[in-house]
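# Understanding the architecture of this molecule
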Amino acid sequence: MTLADAAVDGPTLTNWAGNLTYSARAVHRPRSVEELADLVARAPRLRALGSRHCFNAIADSDELVVLDALPASVEVDTAARQVRVVGPLRYGEVAAALHAQGWALATMASLPHITVAGSTATATHGSGDGVQNLSAAVAGLELVDGTGERRTLTRADADLAGAVVHLGAIGVVTALTLDVEPTYDVAQEVATGLPWDLVLADYDAVTATADSVSLFTDWSGDAVGQLWRKRRVRADGTEDPRRAPAGAVPSTVALHPVPGGDPQSPTEQLGVAGPWHERLPHFRMEFTPSAGEEIQSEYLLPRAHAAEAMQRLRDLSPRITPLLHVSEVRTVAADDLWLSTAYRQDSVALHFTWQRRQEEVEGVLPAVEEALVPLGARPHWGKVFTAEVAGSPAALAAAYPRFDDARALFARYDPQGRFHNAWLERHGLV
Ligand SMILES: Cc1cc2nc3c(=O)[nH]c(=O)nc-3n(C[C@H](O)[C@H](O)[C@H](O)COP(=O)(O)OP(=O)(O)OC[C@H]3O[C@@H](n4cnc5c(N)ncnc54)[C@H](O)[C@@H]3O)c2cc1C
């Protein structure tokens, strides 16, 4: 469902997963940046909304603004190797336009349906030992701040590193500039039967078998459910010598990562090479991604603790597995963005696609977080976590060395607190 399909007036607008109804009493659709600036300057409390793919109340406010009436464009600067993305575009739309002009992004999330502005605001990521999250590609931001002023930030501004992962707290972003590179092909293979013993003994060896590796598991049993490997096709035509790890059996049919899911909806597998944007996301733009009826949680922690963290989750399997659709384990390379979940640490990302049983999921999350927080876990900003353990102001301040600087930055861009909401307050972010 697109935003245009959704009931946007009154208290019936829900997030994509349907586990949250926004409390907003009005949704605005400005037709120009000037109209947007007027709106911001007069609304006591409002926030921007992207494609509604967050699972918590991060985007909620008394009033919401969606940018789908603003003119949109994708403008490549070939000399700078950058693209300016204007308006509320989704990654799938930007990727197709880039590829058509011979350009590419370094990474994509598991789905192409999410907006560039909303995804980079929460440090959305894909997978890969040498691959940073989507926010790390942001070279510039254009926004309307909390006073209604228009601001442009580039890498020459000291604020940019604090402003990219902004959680919607510094303004309404109207355009972003992203780094791009020449287009490339990727081949994707899925295997089953990878023994847990091998993963726990040498996780680094498993993730080194491709440019982007994901493990799909329900944490039970002796073998990981599925191993997804995405490899860039070499431009010089030589063969990639990396093979699936011992014990992993390449699948000869397409597989959906969620048990019972439609095998048509994932991107092409079986090692067939194709354009980067049709392989890096797990799901195709024209299908519903993932399970649909679901809730997600995710925690990123230093990858040195990956094996210990995975073992702790296997120990919790009797409590976790009955509530899961599936879990995914990925890697993300370090960056320098203050509130990035991979800030200054190469990370492992431990993700949960839960069944939509909110109360029971919230019941098990404290145990998950008590296992992972001592290992340095940072919760994904767009997913469900507790305000008592991983999301307590003290835990977040301990996990993010620039936490106080980010709070100060938010206050400078939004002195009247127009973009404040209960979610930001609960986590000590404003
Ligand atoms: C099926 C599914 C799969 C997912 N897979 C992944 C994955 O692979 N990796 C991953 O890291 N995450 C994943 N996510 C989470 C998702 O990518 C993030 O939650 C992302 O932030 C959603 O973007 P959105 O456009 O829907 O933002 P929204 O949920 O609409 O908003 C997110 C935040 O951004 C702010 N915002 C949105 N637009 C603007 C704007 N123009 N200006 C200022 N602030 C703005 C909002 O106020 C809010 O704070 C997945 C989610 C789903 C539902």
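A brief report on the enclosed structure follows. (Residues numbered from 1 in each chain as written. Predicted model: local features only at pLDDT ≥ 70, side-chain atom pairs only at ≥ 80, totals over all residues. Heavy atoms only, no water.)

## Some thoughts on the site of the ligand
Around the ligand sit 38 residues, and of these Ala-48, Gly-50, Ser-51, His-53 and Thr-115 come closest. Gly-50 is positioned with one of its backbone polar atoms (N or O) 2.7 Å from an oxygen atom of the ligand. Here Gly-118 contributes a backbone N or O atom positioned 2.9 Å from an oxygen atom of the ligand. About the coverage of the ligand: the protein hides 99% of its 980 Å² of free accessible area. Listed by contribution, the elements that provide at least two residues to the shell around the ligand are β2 (46-48), α3 (116-121), β9 (172-179) and β16 (294-302). Top contributing element to the shell around the ligand by residue count: α3, with four residues. (Near = heavy atom within 4 Å. Polar contact = N/O pair within 3.5 Å; in protein donor to acceptor, adjacent residues only side chain to side chain. Areas by Shrake-Rupley, 256 points an atom, 1.4 Å probe, with all protein chains shown as cover. Helix = DSSP H or I, 4+ residues; strand = E, 2+ residues; numbered from the N terminus.)

## Here's the deal with the packing of aromatic side chains
Counting across every chain of the model gives nine aromatic pairs. Measuring from centroid to centroid gives 6.4 Å for Trp-219 and Phe-352, while their planes differ by 40 degrees, and the two rings are tilted. In this pair, Trp-219 sits in the loop between β12 (212-217) and β13 (226-232) while Phe-352 sits in strand β18 (residues 347-355), placing the two residues 133 residues apart along the sequence. The burial state of Trp-219 is the same as that of Phe-352; both residues are buried. Ring centres of Phe-352 and Trp-354 lie 5.0 Å apart, and the angle between their planes is 5 degrees; on these two criteria the pair is classed as stacked. Summarising the burial analysis for this pair, Phe-352 and Trp-354 share the class buried. Pairwise contacts between aromatic rings join Trp-196, Trp-219, Tyr-299, Phe-352 and Trp-354 into one cluster. Over the aromatic face of Tyr-184 sits the side chain of Arg-232, whose NZ or CZ is 3.6 Å from the ring centroid. One cation-aromatic arrangement involves Arg-378 over Tyr-400; the distance from NZ or CZ to the ring centre is 4.8 Å. (Phe/Tyr/Trp six-rings, centres within 6.5 Å; stacked < 30°, edge-to-face > 60°. Buried < 20%, exposed > 50% of the residue type's maximum accessible area, 1.4 Å probe, protein only. Lys NZ or Arg CZ within 6 Å of the ring centre and 35° of its normal.)

## Some words on the sheet that holds strand β7 (residues 138-144)
Here five strands make up an open sheet; going across it, the order is β4-β5-β9-β7-β8 and the pairing antiparallel. Since the sheet does not close on itself, it has two edges, and those belong to β4 (73-77) and β8 (150-154), each with one partner. Within the sheet, the average angular offset between the axes of one strand and its neighbour, ignoring direction, is 15 degrees. Sheet topology note: the β7/β9 ladder contains six bridges and is antiparallel. (Pairing = 2+ DSSP bridges. Axes fitted to C-alpha atoms, helices over the stretch in contact; angles between N-to-C directions.)

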